[in-house]
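Chains, contacts and geometry: an overview
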Amino acid sequence: MTDLPGIALDDWRARALTLDFAGQQIRYWLAGDAQAEPLLLIHGFPSASWDWHRLWGPLAERYRVIACDMLGFGYSAKPRGHAYSLLEQADLQQALLAHIGEQRPLHVLAHDYGDSVAQELIARHQEGQLQLASCVFLNGGLFPETHHPVRVQKLLLGPLGPLIGRLFSRRKLAQSFARIFGPHTQASEAELDALWQLVAHNNGPTVMHRLIRYMPERRQQRQRWVTAMQATTLPMRVIDGAFDPISGAHMVARYRELIADADTVLLEGIGHYPQLEAPAAVLDHYLQFRDAKDSHA
């Protein structure tokens, strides 16, 4: 399925470091030369930072790569009854940077739910709260009007959300992912096993109905985030799996309508998880973006 070898989940977990964030244990990862430019990777829903495992080594050869499992995800704490928020997840990213002493202008590579966290970071950059250097988005709901959630996401938002979460299983994960991955780049059974382990860890399904509230939160924050993206001079690119029914080619078309001089790349036949489905292509397009920006710096 892929042309970059990646990192086995057990090896990935063994490399995790720990941060205390507001009394909650957050797992995070660092790689690369500490003097290299910092690159923050922000994962999506419902998975975790292991999503980046095929890009991790190649990116770490050039950058100081930073990633955490956000609150409620992966190997991090998943407190019950918590009011999860994209704004809090942006706070977490800033807390992580402070924890590791990273104060330089930050490059960001984000996916899905992480795109919304990155949008909030761009808004904070515009307000002078932190300094970014660039941002690249993979498939995600940058604009609520083009976001087409899958059935289980809609059910999680409804009155039966807590029950739907508790009943969520590896089989249902596989069914959902089969619809959103490209026809020729489907997840392997081993990958599905790993992704399910990350969702299931710390009773993750019991908080999914709380995490899913990011969808209405995106609508609430749309004007702030889109205005920031339209106003910023930050270099930005979208690398998007065109086949994705959630945020594929239709989302990129909207991005081109709203963002001046839009820099976009469509990966034909690739679905919602380009970093797993076509990691070499994502890496190539990311490095081309960085090299082009560096040459004009």
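Just so you know, these numbers come straight off a predicted model, no measurement behind them.

**Observations concerning empty space enclosed by the protein**
Scanning the entire structure with this criterion turns up three cavities of 30 Å³ or more. Lining the largest cavity are 14 residues; nearest its centre among them are Phe45, Pro46, Val150, Gln153 and Phe177. In terms of residue count, the dominant contributor to the lining of the largest cavity is helix α7 (residues 170–180) (four residues). Grouping the constituent residues of the lining of the largest cavity by class yields ten nonpolar, three polar and one charged. Of the volumes computed, that of the second largest cavity is approximately 60 Å³. When residues of the lining of the second largest cavity are traced back to their parent elements, those giving at least two are α8 (189–200) and α9 (208–211). Residue composition of the lining of the second largest cavity, grouped by class: eight nonpolar, three polar and one charged.

**Thoughts on the packing of aromatic side chains**
Taken as a whole and judged by the stated rule, the model has 13 aromatic pairs. Aromatic side chains Phe181 and Tyr273 sit 5.4 Å apart centroid to centroid with 20° between the ring planes, which places their arrangement in the stacked category. Within this pair, whereas Phe181 is found in the loop between α7 and α8, its partner Tyr273 is found in the loop between β8 (264–267) and α12 (274–277), the two being separated by 92 residues in sequence. You'll find Phe181 and Tyr273 in the same group, each marked buried. Among the aromatic residues, those joined into a cluster by ring pairs are Phe45, Phe73, Tyr113 and Tyr214.

**A few points about the pattern of salt bridges**
On inspection of all chains with the given rule, the structure shows 15 salt bridges. A salt bridge links Arg222 to Glu145, with the nearest nitrogen and oxygen atoms 2.8 Å apart. You can see Arg222 sitting in helix α10 (residues 214–231) and its partner Glu145 sitting in the loop between β6 (132–137) and α5 (151–157), a full 77 residues away along the chain. By relative accessible area, Arg222 is classed as partly exposed at 24%. Across the pair Asp193 and Arg170 runs a salt bridge whose closest N-O atoms are separated by 2.6 Å. Highlighted residues: Asp193 in helix α8 and Arg170 in helix α7, separated in sequence by 23 residues.

**Digging into the nonpolar core**
Core analysis: the largest hydrophobic core is formed by 107 residues, its most contacted members being Leu59 and Tyr286. With residues up to four places along the chain from it excluded, the contact list for Tyr286 reads Leu39, Leu59, Tyr63, His107, Leu109, Val136 and Ile239.

**Observations concerning the UniProt feature "domain: AB hydrolase-1" (unreviewed entry) in the chain**
Per the UniProt entry, the sites bearing "domain: AB hydrolase-1" (unreviewed entry) are residues 38–279 in this numbering. Counted over residues 38–279, helix gives 45% and strand 13%. Its end C-alpha atoms are 20 Å apart.

**A closer look at the sheet that holds β8**
Strand order in the open sheet formed by eight strands is β1-β2-β4-β3-β5-β6-β7-β8, and the pairing between neighbours is mixed. Of all strands in the sheet, those bounded by a partner on one side alone are β1 (17–21) and β8. Neighbour-to-neighbour, the strand axes of this sheet turn through a mean angle of 20°, independent of strand direction. As paired elements, strand β3 (residues 38–42) and strand β4 (residues 64–68) share four bridges and run parallel to each other. Of the residues in β4, the one forming a bridge with Pro38 is Arg64. Here helix α3 (residues 86–99) sits on the sheet and contacts β1, β2 (24–31), β3, β4 and β5 (106–110); the angle it forms with β1, its principal contact strand, is near 120°. Together, β3, β5, β6 and β7 (236–241) form the strand contacts of helix α4 (residues 113–126), whose direction differs from that of β6 by roughly 155°.

**Observations concerning the environment of Gln288**
By secondary structure assignment, the location of Gln288 is in helix α13 (residues 279–296). In sequence terms Gln288 and His107 are 181 residues apart; their C-alpha atoms lie 14 Å from each other.

**Describing unusual backbone geometry**
Look at the link from Phe45 to Pro46: it is a cis peptide, with omega at 5°. If you trace the backbone, Pro46 turns up in the loop between β3 and α2 (53–60). The phi dihedral of Ala22 is positive, around 50°, even though this residue is not glycine. Tracing the backbone shows Ala22 in the loop between β1 and β2. Within the chain, Asp112 stands out as a residue other than glycine whose phi angle is a positive 55°. Tracing the sequence through the fold places Asp112 in the loop between β5 and α4. Of the residues examined, Asp112 reaches a relative accessible area of 3% and is grouped as buried.

Cut-offs and rules
- Residues numbered from 1 in each chain as written.
- Predicted model: local features only at pLDDT ≥ 70, side-chain atom pairs only at ≥ 80, totals over all residues.
- Heavy atoms only, no water.
- 1 Å grid on protein atoms, 1.4 Å probe; cavity = no way out; pocket = protein on both sides within 12 Å on 5 of 7 lines; lining within 4 Å.
- Points joined across faces, edges and corners; volume = space filled by probe spheres on them.
- Helix = DSSP H or I, 4+ residues; strand = E, 2+ residues; numbered from the N terminus.
- Nonpolar A, V, L, I, M, F, W, Y, C, P; charged D, E, K, R; others polar.
- Phe/Tyr/Trp six-rings, centres within 6.5 Å; stacked < 30°, edge-to-face > 60°.
- Buried < 20%, exposed > 50% of the residue type's maximum accessible area, 1.4 Å probe, protein only.
- Salt bridge = Lys/Arg side-chain N within 4 Å of Asp/Glu carboxyl O.
- Core = buried A, V, L, I, M, F, W, Y, C linked by side-chain atoms within 4.5 Å.
- Contact = heavy atoms within 4.5 Å.
- UniProt positions renumbered as here; feature names shortened; annotations may be inferred.
- Pairing = 2+ DSSP bridges.
- Axes fitted to C-alpha atoms, helices over the stretch in contact; angles between N-to-C directions.

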